[in-house]
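Coordinate inspection notes
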Amino acid sequence: MDLQVKKSISALRLNFFFLGILVAGWSTRIPELKSALNLTDAQLGRCLIGSAIGAFLSSRIIGKLIKDLGTKKTFILGSCLFPLGYLTIAFGPSGFFVFLGCFFFSIGYLFMDNPMTIITQEIEAIEDRKYLSGFHGFWSIGTLFAGFFGSFLIGHVKYSYHLTGLAVISFTVLMLSSRSLAEKKVDDEATKKAKFVWKSPVGFATAILGFGMLCSISSEFGATDWSALYLRDVLGITGQLYVGAYLFFELGMVLSRLLGDKFIHKYGASKVVAFCGLTGSIAWLIGVIIGENLHDTNKAIAYITVLLGYFCAGVGVGPLFPGLITVLGQVKGIDMSMALSRALLISMAGFAGVPALIGIISDATSLTTAMLLPIALLFTAGLIGRVRR
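Remember, it's a predicted structure, so these values are computed and weren't measured experimentally. (Residues numbered from 1 in each chain as written. Predicted model: local features only at pLDDT ≥ 70, side-chain atom pairs only at ≥ 80, totals over all residues. Heavy atoms only, no water.)

Things to note about the overall build of the chain
For clarity, the threshold we go by: Strands here mean DSSP runs of E at least two residues long; helices mean DSSP runs of H or I at least four residues long; both are numbered from the N terminus. Radius of gyration means the value over C-alpha atoms here, while the globule rule gives 2.2 Å times the residue count to the 0.38 power. Exposure is judged per residue with a 1.4 Å probe applied to protein chains only, and the accessible area is read against the type maximum: over 50% gives exposed, under 20% gives buried, and values in between give partly exposed. Any two residues whose heavy atoms approach within 4.5 Å are treated as being in contact. Values of accessible area rely on a 1.4 Å probe in the Shrake-Rupley scheme; residue burial ignores everything except the protein chains shown. The charge count includes Lys and Arg as positive and Asp and Glu as negative, but it does not include His or the ends of the chains. Every charge is mapped onto a representative atom, which is NZ of Lys, CZ of Arg, CG of Asp or CD of Glu.
Helix and strand counts for the chain stand at 16 helices and zero strands. The globule rule puts the C-alpha radius of gyration for 389 residues at 21 Å, and the 20 Å found for the chain is close to it. Projected onto the principal axes, the alpha-carbon positions of the chain cover approximately 65 × 45 × 40 Å. Looking at the chain as a whole, 59% of its 389 residues qualify as buried. Taking contacts inside the chain between residues at least 6 apart in sequence as the whole, the part at least 24 apart equals 86%. With an accessible surface of roughly 15,500 Å², the chain has 67% of that area assigned to carbon and sulfur atoms. Put simply, the chain has 32 plus and 22 minus side-chain charges, and the middle of one group is 4 Å from the middle of the other.

The structure is reproduced here in structure tokens:
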């Protein structure tokens, strides 16, 4: 293996790990943030729409940005914007600043994630093996790490100090590790020959797979962003224990993503997506239903049952996003930088759109009813995995 490829693989693993830390670091403190700013579920949901707007704007320019600057410089730009969003959330005095923080957070995330995905696919082509699901496994390990250790800070360290520390440390590590990333600029001649058009086989495939990615990421962030509030407000779990559903969900994702490359290589990405999406959603629904029905009679058993449901959901969600990206990269005649940015435009609408919608539904009905939405979307992602061209 070439030395530069080895350095890139190590840097990608480290970068995905810290991206996971940044995503999880604030998700586990959402209940405190909500209480500190006196936000209702609907108001919190509207704050999260900032991520959807940031995703929309960044997806319009990121393809051209990568062509002009290359993957490494685009990644460095994202490394600056991501912590800025964190600090805005940490010290914002109102929901509007949470909205702005989510906006910068989302742009920075896409400016890092998209280049890393393109670099990974280049390495996969060189080495003739799969890496993407395993790299996303490191992302999940980062979320698990941040969620577990962050739970010990709840009630002892203000969320603003916690988020500031994570922003400074992550910024430093990401900037240093970016030097080891392989540079890749998109071939302009190839792009001219294969210009992206929505009304074409490539455009249709991108739209379908983008919607599948929307369902995948919506179920993931619907689970993580609202898991602590679900345990606190529905099951009455307080203190550090309300992080339990988040941790079990991420533990399931770590397991399935680390094994994902092996199963995708053996069975194909479409079959893995279909099986994980369908079985994960059904197991998640069963765990939630049983847990809520046992809540009044045996709170401990109800808690454990819900945690197992979230674990199964994490196992189901884990390989979906990298699996769908793998399928997208296999489409003939595709310009991956342009197609991926458009697929992410569709998918990132679920990055905050669905968590925001959960808040609105929760205010109108109940959080129990609202949580059926991410379960249904996980099931839908599994159905898309069964589509044959």
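Concerning the side chain of Ser219
Along the chain, Ser219 falls in helix α9 (residues 201-233). With a relative accessible area of 0%, Ser219 lands in the buried category. Those residues in contact with Ser219 that sit more than four places away from it in its chain are Trp284, Val317, Pro374 and Leu378.

Quick notes on the environment of Leu340
Turning to its location among the elements, Leu340 is positioned in helix α14 (residues 336-364). Among the residues examined, Leu340 registers a relative accessible area of 1% and is labelled buried. Distance from Leu340 to Val354, taken between C-alpha atoms, is 21 Å for residues 14 residues apart in sequence.

Quick look at the nonpolar core
Where we set the bar: Residues enter a nonpolar core if they are buried and are Ala, Val, Leu, Ile, Met, Phe, Trp, Tyr or Cys, with the set joined through side-chain atoms within 4.5 Å.
Judged by nonpolar contacts, the single largest core of 108 residues is most densely connected at Trp26, Leu231, Trp284 and Tyr310. Tyr310 has contacts with Ala223, Ser227, Tyr230, Ala245, Phe248, Phe249, Trp284 and Met371, leaving out every residue within four places of it along the chain.

Quick look at the packing of aromatic side chains
In plain terms, the rule: Geometry of aromatic contacts follows a simple scheme: Phe, Tyr and Trp rings, the Trp one being its six-membered ring, pair when their centres are within 6.5 Å, and the pair is stacked under 30 degrees between planes, edge-to-face over 60, tilted otherwise.
Scanning all chains against the criterion turns up 14 aromatic pairs. Where Tyr86 meets Phe105, the ring centres are 6.0 Å apart and the plane angle is 15°; that geometry is what we call stacked. Residue Tyr86 is found in helix α4 (residues 71-91), and its partner Phe105 is found in helix α5 (residues 95-127); the two are separated by 19 residues along the sequence. Here the two residues Tyr86 and Phe105 agree in accessibility, since each one is buried. Each ring, one from Trp284 and one from Tyr310, has its centre 5.6 Å from the other, and the planes form 65°; the classification is edge-to-face. In this pair, Trp284 sits in helix α11 (residues 269-294) while Tyr310 sits in helix α12 (residues 299-317), placing the two residues 26 residues apart along the sequence. Tyr310 carries the same exposure label as Trp284, and that label is buried.

Details of a nonpolar patch on the surface
How we decide: The patches reported here contain residues having more than 30% relative accessible area and no salt bridge. Joining distances are 9 Å for like charges and 5 Å for nonpolar side chains (Val, Leu, Ile, Met, Phe, Trp, Tyr). Any Lys or Arg side-chain nitrogen located within 4 Å of an Asp or Glu carboxyl oxygen qualifies as a salt bridge.
A surface patch of nonpolar side chains, about 420 Å² in accessible area, is lined by Ile282, Ile286, Ile290, Phe379 and Leu383. Among the secondary structure elements, those contributing two or more residues to the nonpolar patch are α11 and α16 (372-385). At three residues, the largest contribution of residues to the nonpolar patch is made by α11. Along the chain, Phe379 turns up in helix α16.

Let's talk about helix α3 (residues 41-69)
Rules: Any helix carries an expected span of 1.5 Å times its number of residues minus one. To get the bend at a residue, fit one axis to the 7 residues ending there and another to the 7 starting there, then take the angle between the axes.
Counted at 1.5 Å a residue, the expected span for α3 with its 29 residues is 42 Å, and the 40 Å between its end C-alpha atoms agrees. Of all the bends in α3, the largest measures some 40° and sits at Ile61. Note on α3: the residue one or two positions beyond its end, Gly70, has a positive phi of about 90°.

Focus: the packing of α3 against α4
Put simply, the rule reads: Axis lines are fitted through C-alpha atoms, for helices just across the contact stretch, and the angle between N-to-C directions can take any value from 0 to 180 degrees. We call two directions roughly parallel when the angle between them is under 35 degrees, roughly antiparallel when it is over 145, roughly perpendicular when it lies between 65 and 115, and oblique otherwise. Put simply, Ala, Val, Leu, Ile, Met, Phe, Trp, Tyr, Cys and Pro go in the nonpolar bin, Asp, Glu, Lys and Arg in the charged bin, and everything else, Gly too, in the polar bin.
It is the contact of α3 with α4, at a shortest axis distance of 7 Å, that shows an interaxial angle of 125°. Looking at the two axes, α3 sits oblique to α4. Across the interface between the two elements, Ile62, Leu65, Ile66 and Leu69 from α3 touch Thr71, Lys73, Thr74 and Leu77 from α4. Partitioning the contact of α3 with α4 into residue classes produces five nonpolar, two polar and one charged.

Section: the pattern of salt bridges
Within this structure, the stated rule accounts for three salt bridges. Where Glu220 meets Arg257, a salt bridge forms, and the shortest distance between an N and an O atom there is 3.8 Å. Placement of Glu220 in helix α9 and of Arg257 in helix α10 (residues 244-267) is noted, with a sequence separation of 37 residues between them. With relative accessibility at 2%, the residue Arg257 sits in the buried group.

Focus on the packing of helix α1 (residues 3-27) against helix α6 (residues 132-151)
Stated precisely, the cut-off is as follows: By convention the crossing between two helices is left-handed if the near helix lies anticlockwise of the far one by an angle smaller than a right angle, and right-handed if it lies clockwise.
Interhelical geometry of α1 versus α6 gives an angle of 40° and a closest axis separation of 6 Å. One way to sum up the angle between α1 and α6 is to call them oblique. Along this stretch, α1 crosses α6, giving a crossing that reads as right-handed. Residue-level inspection shows Ile9, Leu12, Arg13, Phe16, Phe17, Leu19, Gly20, Ile21, Val23, Ala24 and Gly25 of α1 in contact with α6, the latter providing Phe135, His136, Phe138, Trp139, Ile141, Gly142, Thr143, Phe145, Ala146 and Gly147. Broken down by class, the residue content of the contact of α1 with α6 amounts to 14 nonpolar, six polar and one charged.

Examining unusual backbone geometry
In this structure, Asn38 is a non-glycine residue whose phi angle is positive, near 55°. As for its position among the elements, Asn38 is in the loop between α2 (30-36) and α3. Asn38 gets classed as exposed once you look at its relative accessible area, which sits at 65%.

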